[in-house]
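# Survey of secondary and tertiary structure
Residue strings, one per chain:
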Amino acid sequence: KSGAVGKVVKSLFSGAKKWIIFGGAAVVFAGAAVTSYVVMFNQPATPADQPVFAPNAQIGILPGKTDEQIEELLSKTIDENTIAFSINSNAVFDNARAKGNLMLESPSNNINYIEFVIRSNDTGDILYRSGLLKPNQYILEDSLQTKTPLAKGSHECTADITLYDKETLQAKGMVQAALTITIKT
């Protein structure tokens with residue numbers, strides 16, 4: 001009996017050994033591919049869900065603000081866990097593929113980074129993602145990022161404004177703001 005058990009165990013392990021060798025070779029190959037990518041492009045490998053900085057962010061105060069609005073915004077006390085922001089609550093687009101006046105802002109008194117993600121209240125679909133804004137940056141206008149263009153008319157939306165730690169890029173909290181996106185034609 002013990003001889004039969006020994007043969008079965010040996011048979012199981014010899015098959016496992018082949019899988020271990022094959023799996024080890026696959027891991028080595030994947031590691032070499034990642035290392036080649038990092039060396040070739042001189043960039044660290046990052047997880048797909050790590051936030052990226054807004055490519056079209058401008059430095060400064062959002063144009064069109066009055067001196068009183070600027071003073072009020074900058075007089076607010078901000079700490080590590082507070083989000084200061086501005087957003088246009090009635091963004092207008094000439095058509096579904098045109099740029100609209102989103103007017104997203106991270107004032108200079110912010111300590112950390114923020115990101116705006118705008119969702120349709122009807123479908124929950126993401127219509128726009130800003131990328132990270134540093135303090136003292138804004139996006140005056142931009143196009144929506146939808147696969148299917150929004151229909152003509154008004155669309156009720158919610159902006160999730162997420163606070164990211166400037167050192168670790170980890171999300172620290174979120175607030176929401178209501179807005180209406182209007183597509184003219």
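Residues numbered from 1 in each chain as written. Predicted model: local features only at pLDDT ≥ 70, side-chain atom pairs only at ≥ 80, totals over all residues. Heavy atoms only, no water.

## Overview of the overall build of the chain
A tally of helices and strands in the chain yields 2 helices and 10 strands. Along its sequence from the N terminus, the chain presents helices and strands in the succession α-β-α-β-β-β-β-β-β-β-β-β. Expressed as a percentage of the 185 residues in the chain, the buried residues total 33%. Long-range pairs, those at least 24 residues apart, make up 66% of the contacts in the chain between residues at least 6 apart in sequence. In the structure as shown, the chain presents an accessible area of about 11800 Å², 58% of it carried by carbon and sulfur atoms. (Helix = DSSP H or I, 4+ residues; strand = E, 2+ residues; numbered from the N terminus. Buried < 20%, exposed > 50% of the residue type's maximum accessible area, 1.4 Å probe, protein only. Contact = heavy atoms within 4.5 Å. Areas by Shrake-Rupley, 256 points an atom, 1.4 Å probe, with all protein chains shown as cover.)

## Examining the packing of aromatic side chains
Enumeration according to the criterion identifies 2 aromatic pairs in this entry. Pairing Phe53 with Tyr113 gives two aromatic rings, centres 5.2 Å apart and planes at 80°, and the pair type is edge-to-face. A residue pair is termed long-range when its members are at least 10 positions apart, and Phe53 in the loop between helix H1 (2–41) and strand E1 (58–59) and Tyr113 in strand E5 (residues 113–120) qualify at 60 residues. With a relative accessible area of 36%, Phe53 lands in the partly exposed category. Accessibility expressed as a relative area gives 14% for Tyr113, which makes it buried. Ring plane angle 70° and centroid distance 6.2 Å describe the contact between Phe85 and Phe116, whose orientation is recorded as edge-to-face. With Phe85 in the loop between helix H2 (67–75) and strand E2 (90–93) and Phe116 in strand E5, this pair connects stretches of sequence that are 31 residues apart. (Phe/Tyr/Trp six-rings, centres within 6.5 Å; stacked < 30°, edge-to-face > 60°.)

## Comments concerning the sheet that holds strand E4 (residues 104–106)
Ordered in space as E1-E7-E4, the 3 strands form an open sheet in which the pairing is antiparallel. Two strands in the sheet have a free side with no partner beyond their single neighbour: E1 and E4. Bridging between E4 and strand E7 (residues 137–139) involves 3 bridges; their strand directions are antiparallel. Note that in E7 the partner of Leu104 across the bridge is Ile139. (Pairing = 2+ DSSP bridges.)

## Re the pattern of salt bridges
Overall, the coordinates contain 6 salt bridges when judged by the stated rule. Two residues, Arg129 and Glu115, come together in a salt bridge whose shortest N-O distance is 3.7 Å. Placement of the pair is Arg129 in strand E6 (residues 126–133) and Glu115 in strand E5, with a sequence separation of 14 residues. Note on Arg129: relative accessible area 37%, which makes it partly exposed. Three or more residues are tied together by salt bridges with common partners; here these are Glu80, Asp165 and Lys172. (Salt bridge = Lys/Arg side-chain N within 4 Å of Asp/Glu carboxyl O.)

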